[in-house]
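Topology and contacts: notes
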Amino acid sequence: MKRVLITGVAGFLGSHLAERFLHEGWEVYGADNFLTGQRENVELLAQIPHFHFEEKDVRFGVPFPRTPVDLILHFASPASVPDYLAYPIETLEVNGRGTHLLLEHARQHGSRFLYASTSEVYGDPEVHPQPETYVGHVDPTSPRGVYDEAKRYGEALVLTYHREYRLDVRITRIFNTYGPRMRLDDGRVVSNLLVQALQQKPLTVYGDGTQTRSFCYVDDLVEGIYRLATYEGLEGSVVNLGNEEEIPILELARTIQSLVGARLTIEHHPLPPRDPKRRRPDLTRARTLLQWEPRVTLREGLTRTLKFFQAKLGVPS
Ligand SMILES: NC(=O)c1ccc[n+]([C@@H]2O[C@H](COP(=O)([O-])OP(=O)(O)OC[C@H]3O[C@@H](n4cnc5c(N)ncnc54)[C@H](O)[C@@H]3O)[C@@H](O)[C@H]2O)c1
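Rules used in this analysis
- Residues numbered from 1 in each chain as written.
- Predicted model: local features only at pLDDT ≥ 70, side-chain atom pairs only at ≥ 80, totals over all residues.
- Heavy atoms only, no water.
- Helix = DSSP H or I, 4+ residues; strand = E, 2+ residues; numbered from the N terminus.
- Buried < 20%, exposed > 50% of the residue type's maximum accessible area, 1.4 Å probe, protein only.
- Contact = heavy atoms within 4.5 Å.
- Areas by Shrake-Rupley, 256 points an atom, 1.4 Å probe, with all protein chains shown as cover.
- Lys, Arg positive; Asp, Glu negative; His and termini not counted.
- Charge placed at Lys NZ, Arg CZ, Asp CG, Glu CD.
- Pairing = 2+ DSSP bridges.
- Axes fitted to C-alpha atoms, helices over the stretch in contact; angles between N-to-C directions.
- Domains from an automatic or database assignment.
- Buried area = accessible area lost by both parts, 1.4 Å probe.
- Salt bridge = Lys/Arg side-chain N within 4 Å of Asp/Glu carboxyl O.

1. Digging into the overall build of the protein
Check the secondary structure of the protein and you find 11 helices and 13 strands. For the C-alpha atoms alone, the extent of the protein along its principal axes is close to 60 × 45 × 35 Å. Out of the 317 residues in the protein, the part that is buried amounts to 56%. Across the protein, the fraction of contacts at a sequence separation of at least 24, relative to all contacts at a separation of at least 6, is 80%. When the accessible surface of the protein is totalled, it reaches about 13,500 Å², and 50% of it is carbon and sulfur. Mean positive and mean negative side-chain charge positions of the protein (37 and 41 charges, respectively) differ by 1 Å.

2. A word on the sheet that holds strand 2 (residues 27-32)
In space, the seven strands of this open sheet follow the order 3-2-1-4-5-6-11, with parallel pairing throughout. Taken across any chain shown, the strands that pair with only one partner, and hence form the sheet edges, are strand 3 (51-55) and strand 11 (237-241). In this sheet, neighbouring strand axes are inclined to one another by 20 degrees on average, regardless of whether the strands run parallel or antiparallel. The pairing of strand 1 (residues 3-7) with strand 2 spans five bridges and is classified as parallel. Looking across to strand 2, one finds that R3 is bridged to E27. Here helix 1 (residues 12-23) sits on the sheet and contacts strand 1, strand 2, strand 3, strand 4 (71-74) and strand 6 (169-174); the angle it forms with strand 1, its principal contact strand, is near 170 degrees.

3. A look at the domain arrangement of the protein
According to the domain assignment, the protein consists of domain 1 (3-177 + 217-241) and domain 2 (178-214 + 245-274 + 296-313). The straight-line distance from the C-alpha centre of domain 1 to that of domain 2 is 26 Å. Across the contact, 23 residues belong to domain 1 and 18 residues belong to domain 2. Here domain 1 packs against domain 2, burying approximately 1,900 Å² in sum over the two surfaces, 45% of which is carbon and sulfur. When residues of domain 1 are sorted by the area they lose upon contact with domain 2, F12, N176 and Y217 head the list and together hold 33% of the total. Applying the counting criterion to the domain 1 and domain 2 interface returns four salt bridges. Between R304 and D219 there is a salt bridge, and its shortest N-O distance comes to 3.5 Å.

Structure below.
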């Protein structure tokens with residue numbers, strides 16, 4: 001049985017990935033320190049055979065140090081804007097020192113290593129859509145720089161281990177992803193709007209709402225990551241994963257309004273500093289290397305996510 005170590009397993013993406021690898025017949029070793037993750041995700045996974053968990057801060061040591069694994073998925077890191085602004089040092093360290101410790105572990109045991117990077121490495125991009133060859137437009141001095149630069153440093157470390165030690169590494173740059181198991185209070189636009197809608201509160205839109213984002217449903221993302229992690233011959237690859245369908249935030253709010261079916265108002269607030277105006281992945285590389293394509297429409301994905309949020313908030317559907 002193949003073994004995978006997943007850091008950040010109590011989080012949104014980590015828990016979905018763990019579930020997928022368990023269903024594919026892997027032995028899953030998960031670790032988390034619950035900084036932004038949820039214990040209930042681990043409790044859910046613990047019901048599936050071949051799942052093991054260690055509460056561990058990966059900035060200070062490797063989980064399951066005596067268990068060599070075939071693959072490491074390094075997903076531990078605060079991810080939403082309010083989370084990394086609340087934990088700036090932790091964010092820098094888990095992507096810096098944490099990544100370094102895990103890479104060293106991978107080198108000692110010959111494990112394949114997949115690093116969760118982000119579209120934020122492109123900053124406020126001047127090129128649309130963003131291909132992996134675009135080097136980005138990031139301000140290291142802005143508060144958001146902690147996340148963007150932490151991930152850029154993480155990427156540099158990962159690729160250095162590939163060049164210096166021929167370690168089999170892969171990097172995915174993940175664009176906005178949503179779905180069940182997002183925290184209701186994680187501060188991401190989809191969760192904010194869904195919670196406001198279900199609580200019959202005005203929907204907050206920053207600026208005039210013409211800024212666009214693309215949203216990827218979690219099942220599509222997990223499929224892409226599974227392929228990137230398991231396909232042969234992808235050593236050293238950096239691959240964007242996300243959804244190409246670009247939508248203005250105002251339209252997202254209106255879609256949620258129509259799904260919830262209530263008469264909700266939209267309230268405009270000032271744009272936060274350094275908020276990117278546009279962000280959209282170029283998925284050519286993912287299509288070519290992984291034969292992957294996002295399949296779930298925004299309406300369908302939002303409907304599934306809404307059901308999860310309704311259950312969480314105890315709102316009848
Ligand atoms: N969700 C997205 O849209 C998105 C987009 C781009 C990149 N990513 C990346 O994917 C990864 C997972 O994101 P997510 O959306 O699941 O976020 P999340 O906050 O739900 O999960 C992150 C998990 O990492 C854990 N963690 C943080 N620091 C840790 C540490 N030092 N030691 C052990 N565990 C630690 C948290 O407790 C949490 O469970 C992150 O690396 C993030 O940067 C996510």
